[in-house]
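One letter stands for each residue in the lines below.
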Amino acid sequence: MAKICVYFGSTTGTCEDLAGRIAEALGGADVKNVTDFGADAADYDMLVLGTSTWGAGDLQDDWYSAIDVLKTLNLAGKKVAVFGCGDSASYGDTFCGGMKAIYDAAKEAGATLVGEVDASDYNYEASDAVVDGKFVGLALDEANEPDKTDDRIAAWVAAIK
């Protein structure tokens, strides 16, 4: 069985809750706060990296030092999936934009990125995390669409396994 860790950056607890739900759907993956992100992350076969989005599509604060570490890792042969949470009604022009920085850093580290999600099922204005009509990872909106979260997680986890 693949060794999987879900790392999250959370200010209000929403992303932490989602990380736990994703880890459970993955069959009991490890769950760690991104403040504990270090070189040992490369020991996992798969990393699931999550952030909430703040300001103008920015990462959650704890991610900034972790991004620097992520870029230095050798993730060749490792799978990385990204998820993010945002508010499509109040911040529709930057919805889940924080995911893009994590995606780019993981790509720079040589990871195989998995888990793109069709953006057409979402109600938002714009997002840096959309490339060619797909979110670079799982976008979740607990503020406006909590009723869709469980189904979105289940479908995404099935796709990234």
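Small disclaimer: the values here were computed from a predicted structure and weren't measured. (Residues numbered from 1 in each chain as written. Predicted model: local features only at pLDDT ≥ 70, side-chain atom pairs only at ≥ 80, totals over all residues. Heavy atoms only, no water.)

Trainee: Would you mind showing me how to read the nonpolar core here?
Mentor: Nonpolar side chains tend toward joint burial in soluble globular proteins. I22, V48, L70, F83 and W156 are the most contacted members of the largest nonpolar core, which totals 56 residues. Residue assignment for this core shows that the elements contributing at least two residues are β1 (4–9), α1 (14–25), β3 (46–54), α2 (63–72), β5 (79–85), α3 (99–108), β10 (138–140) and α4 (146–160). Look past the residues within four positions of V48 in its chain and what remains in contact with it is I4, C5, V6, Y7, I22, L26, A81, F83, W156 and I160. (Core = buried A, V, L, I, M, F, W, Y, C linked by side-chain atoms within 4.5 Å. Buried < 20%, exposed > 50% of the residue type's maximum accessible area, 1.4 Å probe, protein only. Helix = DSSP H or I, 4+ residues; strand = E, 2+ residues; numbered from the N terminus. Contact = heavy atoms within 4.5 Å.)

Trainee: What should I look at first to understand unusual backbone geometry in this one?
Mentor: If a residue is not glycine, its phi is most likely negative; likewise, a peptide bond is most likely trans. The residue C96 is not glycine, and still its phi comes out positive at about 55°. Take C96: its relative accessible area is 0%, and that puts it in the buried class. If you check the backbone angles, D132 has positive phi at about 55° while not being a glycine.

Trainee: Is there a simple way to think about the pairing of strand β2 (residues 30–33) in this case?
Mentor: Within a regular beta strand, the side chains point alternately toward one face of the sheet and then the other, so they alternate between its two faces. Looking at chain direction, β1 and β2 are connected through four bridges and run parallel. The partner of V6 across the bridge, within β2, is V31. Handedness of the crossover joining β1 and β2 through α1: right-handed. (Pairing = 2+ DSSP bridges. Right-handed = clockwise from strand over helix to strand, strands pointing away.)

Trainee: What is the right way to look at the pairing of β1 in this model?
Mentor: When you tally the buried positions in β1, you get six out of six residues, the bulk of the element. Alternating residues of β1 divide into I4, V6 and F8 and C5, Y7 and G9, and every residue in both groups is buried. Here β1 pairs with β3 via six bridges, running parallel. Paired with I4 across the bridge in β3 is M46.

Trainee: Whenever I open this one, the packing of aromatic side chains confuses me. Can you help?
Mentor: The description of an aromatic ring pair uses the distance of the two centres, along with the angle that the planes make with each other. Under the counting rule described, the total for this entry stands at eight aromatic pairs. Aromatic pair F83 and W156: ring centres 6.5 Å apart, planes at 65°, arrangement edge-to-face. Highlighted residues: F83 in strand β5 and W156 in helix α4, separated in sequence by 73 residues. What makes F83 buried here is its relative accessible area of 0%. On the basis of relative accessibility, which here comes to 3%, the residue W156 falls in the buried class. Judged by centre distance (4.9 Å) and plane angle (70°), the ring pair of Y122 and F135 falls under edge-to-face. On the criterion of sequence distance, the pair formed by Y122 in the loop between β7 (117–118) and β8 (130–131) and F135 in strand β9 (residues 134–135) is long-range, its members being 13 residues apart. (Phe/Tyr/Trp six-rings, centres within 6.5 Å; stacked < 30°, edge-to-face > 60°.)

Fair warning: the whole summary comes from geometry, so function is off the table for now.
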